[in-house]
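What follows is the residue order along each chain.
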Amino acid sequence: MPTVTVSNSLLHPNDALGRGRSPSAGSYDAPKLPEDDGCANLFWLDIVDPVDSEIIAVSRIFDLHPLTTEELLLMKDDALVQDSFKSFKHYDIICYHTSIAAYNDEPWAQEDPIPFYSIVLTRGIITLHRRRLPHVRNTIARLLLDEDTVKLTPDYIAYLLLDDITDTLVPTTRMLELEVDAVDELVLILAEADHDDILKRIGIERRHALWLVRLLHGKAEVLGAIERRVQAKRHHAPDVAKYLADVHDHLLALTASVHHCERILARAHGNYLARINLELTNASNTTNGLATQAAILAGIFLPLNLVAGLWGQNVKVPGQDRDDLLYFGIICGCMATFVIFALAFFRWRRLI
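Before going into details, it helps to say that this report is about the structure given with it. Because the structure is predicted, anything quoted here is derived from the model rather than measured. (Residues numbered from 1 in each chain as written. Predicted model: local features only at pLDDT ≥ 70, side-chain atom pairs only at ≥ 80, totals over all residues. Heavy atoms only, no water.)

Details of the sheet that holds strand β4 (residues 116–120)
Condition: Strands are treated as partners if at least two bridges between them are detected by DSSP. Note on conventions: DSSP H or I runs of at least 4 residues are helices, E runs of at least 2 residues are strands, and numbering of each starts at the N terminus. Orientation is described by lines fitted to C-alpha atoms, with helices fitted over the stretch in contact, and by angles between N-to-C directions that extend from 0 to 180 degrees. Throughout, a residue-residue contact means that at least one pair of heavy atoms, one from each residue, lies within 4.5 Å.
Spatial strand order, β1-β5-β4-β3-β2: 5 strands in an open sheet with mixed pairing. Edge strands, defined here as strands with exactly one partner in the open sheet, are β1 (43–48) and β2 (84–87). Mean inter-strand twist for the sheet, computed between neighbouring axes without regard to direction, equals 10°. Contacts from helix α3 (residues 134–146) reach β1, β4 and β5 (124–129), with the element oriented near 165° to β1.

This is the structure in structure tokens:
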């Protein structure tokens, strides 16, 4: 029967279980971990995209609670996985969602957050995630720099992972802030031809903000619970609680920034709608003015057409027997007088 041995150094990734096989749940014997709590006996087991049999094997080897096993088996179902922290008798389990959007060529790759599990044991840590993530590599680089100045503990490794995941949210949050500021300025100076473009940009940025809210949701509570747990076992990690408090403050700042961007977008959307309403009102007023002027002109010329029609009948009318232009001049003079007085009246009433 094969036996899994955990070395006295960092394992990365899947050095213990291997990726080329799918072991059965009963094919492992629990490793004999050293009794000493010193840094030399610290181990880190990183498992990428584990299958169900591997999760069951790890649960048996490290005596994980059945609820933990059940949660790990649901790792691939994002709808059922949330950021959480649970403490058991001999280990703590942390679920902290991450995203690789900051490492893509397109920083706003709209993909679902990836759950990142960390099981913090007394003398080691186990991490499980669906795909290869840069957090493990970045954390190992930090550990190699800090091993001479900081006492390495499982809690300290967990802190480094949480800190690196939180730091990956900074570029996307900063990009959201810049885009939101640009949209907020453009709303007030946009031209009529840019209406469709600005509405599209507002919608896209609101999607980005909601995506970040979803990614940040629950993380502050998780960090607060971890901080309290680490403070309770201060003799194991005297400085980790302070480090976690710094990450907690950083996360709260990011969350506040995202909510601020949401409020700015909501205000920009309101300003955009107000701008559209003003333009529609101005267009309506212009149309009403033109319609009023057309009605005034029709009201002026309708009586003139009536008079011209009366004198243009194919019957005997006054003045048709005269050889001079007296009646014609009288009629034209009356028409001109009527037009002048009508225009003066409408002008006085400010209708034209």
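Some points on the packing of aromatic side chains
Which entries qualify depends on this criterion: A pair of aromatic rings is counted whenever rings of Phe, Tyr or Trp (Trp by its six-membered ring) have centres within 6.5 Å, and the orientation is called stacked for planes under 30 degrees apart, edge-to-face for over 60 and tilted otherwise. Exposure is judged per residue with a 1.4 Å probe applied to protein chains only, and the accessible area is read against the type maximum: over 50% gives exposed, under 20% gives buried, and values in between give partly exposed.
As enumerated under the stated definition, the model contains 7 aromatic pairs in all. Consider the rings of Tyr 159 and Tyr 243, whose centres lie 5.1 Å apart with planes at 25°: the pair is stacked. Taken together, the residues Tyr 159 in helix α4 (residues 154–167) and Tyr 243 in helix α8 (residues 240–311) connect sequence positions 84 residues apart. Residue classification places Tyr 159 among the buried positions, given a relative accessible area of 7%. Taking the relative accessible area as the measure of exposure, Tyr 243 reaches 27% and is therefore partly exposed. Between Phe 345 and Trp 348 the ring centres are 6.1 Å apart and the planes differ by 50°, which places this aromatic pair in the tilted class. Of the two residues, Phe 345 and Trp 348 both sit in helix α9 (residues 326–348), 3 residues apart, roughly one turn of that helix. The exposure class assigned to Phe 345 is partly exposed, which follows from its relative accessible area of 41%.

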